[in-house]
Amino acid sequence: MVISGGIKLKNLFNFVSFFSININASCFRIIEIAEWCKRVNLKSNLGNDISIGKVHELLQNVFYLGLMKYKGEIHEATHEPLISKKLFDRVQEIMREKGKPQKVKKHNFDFLGLMKCPCSAAITAEKKIKPSGKEYIYYRCTKKKGPCQEKHFLRGEELYPQIKSFLQKVSLSSYDTEMVLAKLEKEESRAKEQAKTTAQDLKTEFAVNEQKLEKLLDVYLAETITAEEYTSRKEKLVKQKVGLKEQIEDFEQKGLSWLEPAREFVLSLNQAAKLLESENKTEMTTFLKNIGSNCILQNRQLIFSPRKPYDLAAERSEAASKSLRFSKMWT
Ligand SMILES: [Zn+2]
């Protein structure tokens, strides 16, 4: 059985996972996901656009995990799982974070919380009004970590081009993104065909799990446990079984583990391109925090140290899809 829009759905999960998009907390982000679906032409089973309300349902659907929910009970289905349990769990975790209150912003200055001074204190911003009446935003050290050598202030309009120039270095156009994703998909099916070896001990464990499931049904039929207990224990065992199945598959497809991070990486490069178009400074800050390990403001220069593998992308003046060797980055 083939799930329609399978590749796109898979990418959707990767997309959410990478950006830790908390869809419950912010309406803007649900809109962003819905827009993403529209852009890649991901449709519902009835051929409609994915509505904002549908996004949630989509991301929680155990069907993509190779399971079926019937009358409140989870069953194994015969179709092949579309996404890994690892990825599914991560997305569920992101969605569960809805209860956490969002930090209230104390200020309205862009890019705060991103940069540090060489003295390790945070960078803050303040507004100054010149005698002419013109307003300027200045970025400077908070000097909260003792004496500081940094004497310079940086004007907001000098900071923004530096941020944009970095985003430019790690951006990938939507067209190239779709091309790379299609290539990765091909690579995946090729590697899957090649690898068909079995991990015997995992399979034994799998068989034990099967026996447990059978035994559970026996005790249920003998009425020694309640229907409620049966359902909850069964759910646990079925989920365990899926986990084991996945481990077996992982073993059989050794060398494929780089694919999911590769997809996330490509999608994030595309996000940088989209941020440059939208000029959403709040999202830019979040993005740079996500991909950077250090961001220092020294002598009016932004020194940004990207995490792996963004350092590789940034080293190139422009991230060109054709020559990036994704498999090499994760091995
Ligand atoms: Zn300082």
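Each value, and the rule that gives it
Residues numbered from 1 in each chain as written. Predicted model: local features only at pLDDT ≥ 70, side-chain atom pairs only at ≥ 80, totals over all residues. Heavy atoms only, no water. Helix = DSSP H or I, 4+ residues; strand = E, 2+ residues; numbered from the N terminus. Contact = heavy atoms within 4.5 Å. Areas by Shrake-Rupley, 256 points an atom, 1.4 Å probe, with all protein chains shown as cover. Buried < 20%, exposed > 50% of the residue type's maximum accessible area, 1.4 Å probe, protein only. Polar contact = N/O pair within 3.5 Å; in protein donor to acceptor, adjacent residues only side chain to side chain. Donors = N, O, S within 2.8 Å, 3.2 Å for Na, K, Ca; no water. pLDDT = per-residue confidence, 0-100.

A. Highlighting the overall build of the protein chain. In terms of regular secondary structure, the protein chain is built from twelve helices and seven strands. For the protein chain, restricting intrachain contacts to residue pairs at least 6 apart in sequence, the fraction spanning at least 24 positions comes to 66%. Surface exposure of the protein chain reaches about 19400 Å², of which carbon and sulfur atoms provide 51%.

B. Main features of helix H10 (residues 281–291). Those residues of H10 not exposed but buried are Glu283, Met284, Thr285, Phe287, Leu288 and Ile291. Between a side-chain oxygen at the N-terminus of H10 and the backbone nitrogen of Thr282 the separation is 3.1 Å; the capping residue is Asn280.

C. Representation of the coordination of the zinc ion in the model. Here the zinc ion is held by the protein donor atoms Cys117 (SG), Cys119 (SG), Cys141 (SG) and Cys148 (SG), which lie 2.2 to 2.3 Å from it. Binding-site remark: the zinc ion is held by donors from one chain whose sequence spacing is C-x1-C-x21-C-x6-C. Here Cys141 lies in strand S4 (residues 135–141) and Cys117 lies in the loop between helix H4 (85–96) and strand S3 (123–129), a separation of 24 residues in the sequence. Under the relative-accessibility criterion, Cys141 is labelled buried at 5%.

D. Structural context of the side chain of Thr177. As for its position among the elements, Thr177 is in helix H6 (residues 174–194). Classification of Thr177 by relative accessible area gives buried; the value is 1%.

E. How the structure looks around the confidence of the model for the protein chain. Considering every residue of the protein chain, the mean pLDDT works out to 81; 83% of them sit at 70 or more. Here residues 317–331 is a poorly scored stretch, pLDDT under 50, and it has 31 contacts once near neighbours within four places are set aside; other chains count.

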